[in-house]
Amino acid sequence: MKGRQHVGSPAGVLPLTSIVIGVVTLATYVWILAAEGDDSLADVAPFVALMGGSVGLAAANLVALGGRPALYLLPGLVLVCVGILGLFSIGLPLVVAGVLLLVNAVRGRWSR
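Before going into details, it helps to say that this report is about the structure given with it. (Residues numbered from 1 in each chain as written. Predicted model: local features only at pLDDT ≥ 70, side-chain atom pairs only at ≥ 80, totals over all residues. Heavy atoms only, no water.)

### Some remarks on the overall build of the protein
Each helix and strand counted, the protein has five helices and zero strands in total. Listing the helices and strands of the protein from first to last along the sequence gives α-α-α-α-α. Counting only residues that meet the buried cut, the protein has 39% of its 112 residues in that class. Taking as baseline every contact in the protein between residues at least 6 positions apart, the subset at least 24 positions apart corresponds to 64%. Accessible surface for the protein amounts to roughly 6,400 Å². Of this, 74% is attributable to carbon and sulfur atoms. (Helix = DSSP H or I, 4+ residues; strand = E, 2+ residues; numbered from the N terminus. Buried < 20%, exposed > 50% of the residue type's maximum accessible area, 1.4 Å probe, protein only. Contact = heavy atoms within 4.5 Å. Areas by Shrake-Rupley, 256 points an atom, 1.4 Å probe, with all protein chains shown as cover.)

### Here we look at a nonpolar patch on the surface
Taken together, the side chains of L87, F88, L92 and V96 define a hydrophobic patch exposed on the protein surface, amounting to about 460 Å² of accessible area. Turning to its location among the elements, V96 is positioned in helix α5 (residues 91–109). (Patch = residues over 30% accessible without salt bridge, like charges linked within 9 Å, V, L, I, M, F, W, Y side chains within 5 Å. Salt bridge = Lys/Arg side-chain N within 4 Å of Asp/Glu carboxyl O.)

### What to know about the environment of L85
For L85, the location among the structural elements is in helix α4 (residues 73–85). Expressed as a C-alpha distance, the spacing of L85 and F47, which sit 38 residues apart in the sequence, is 9.5 Å.

### Some thoughts on the side chain of T25
With respect to the helices, strands and loops of the structure, T25 is situated in helix α1 (residues 13–36). Classification of T25 by relative accessible area gives buried; the value is 9%. Discounting residues that sit within four places of it in the chain, T25 has contacts with I90, P93 and L94.

### Digging into the environment of Y29
By secondary structure assignment, the location of Y29 is in helix α1. Counting along the chain gives 61 residues from Y29 to I90, while the straight-line C-alpha distance between them is 7.3 Å. In this structure, Y29 is in contact with V44, V48, M51 and I90, ignoring residues within four places of it in sequence.

### Here's the deal with α1
For α1, which comprises 24 residues, the first-to-last C-alpha distance of 35 Å matches the rise-based estimate of 34 Å (1.5 Å per residue) to within 8%. Considered for burial, the residues of α1 that qualify are P15, S18, I19, G22, T25, L26, Y29 and L33. A positive phi of about 85 degrees marks G37, the residue just after α1. (Expected span 1.5 Å × (residues − 1).)

### Some thoughts on a negative patch on the surface
Together, E36, D38, D39 and D43 line one region of the surface with negative charge. As for its position among the elements, D38 is in the loop between α1 and α2 (40–43). (Lys, Arg positive; Asp, Glu negative; His and termini not counted. Charge placed at Lys NZ, Arg CZ, Asp CG, Glu CD.)

### Regarding the packing of helix α3 (residues 45–63) against α4
Their axes nearest at 9 Å, the elements α3 and α4 cross at an angle of 150 degrees. Taken together, the axis directions place α3 and α4 in an arrangement best described as roughly antiparallel. In this structure, the crossing between α3 and α4 has a hand that is left-handed. Facing α3, whose interface residues are F47, L50, M51, S54, V55, L57 and A58, α4 presents L74, P75, V78, L79, V82 and L85. Here the contact of α3 with α4 is built from residues that sort into twelve nonpolar, one polar and no charged. (Axes fitted to C-alpha atoms, helices over the stretch in contact; angles between N-to-C directions. Parallel < 35°, antiparallel > 145°, perpendicular 65-115°, else oblique. Left-handed = near helix turned anticlockwise from the far one by under 90°. Nonpolar A, V, L, I, M, F, W, Y, C, P; charged D, E, K, R; others polar.)

What follows is the structure, given as structure tokens:
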């Protein structure tokens, strides 16, 4: 099946790299906020949910759905937008992860 990517295939490297960057960034961010000891985590819960949902959707697409390139578009856009909002704290890795997903979505769309 052309256009599909799997975890072990060379085409699955970009989304897998993006997922790893997203999970590490999200875990680090939650750990730092939890270490502060106040209600900081409650203030950014929507952003944490967006990051977690986007990374989860990309991971589910790669593992369960066979890596359909078009389904990387939404998580890529969300990660880039959230990354731009948090550019001065944790945003740069999120922008990189989102761009990797967007590149994979565009590349997969025109490789047919």
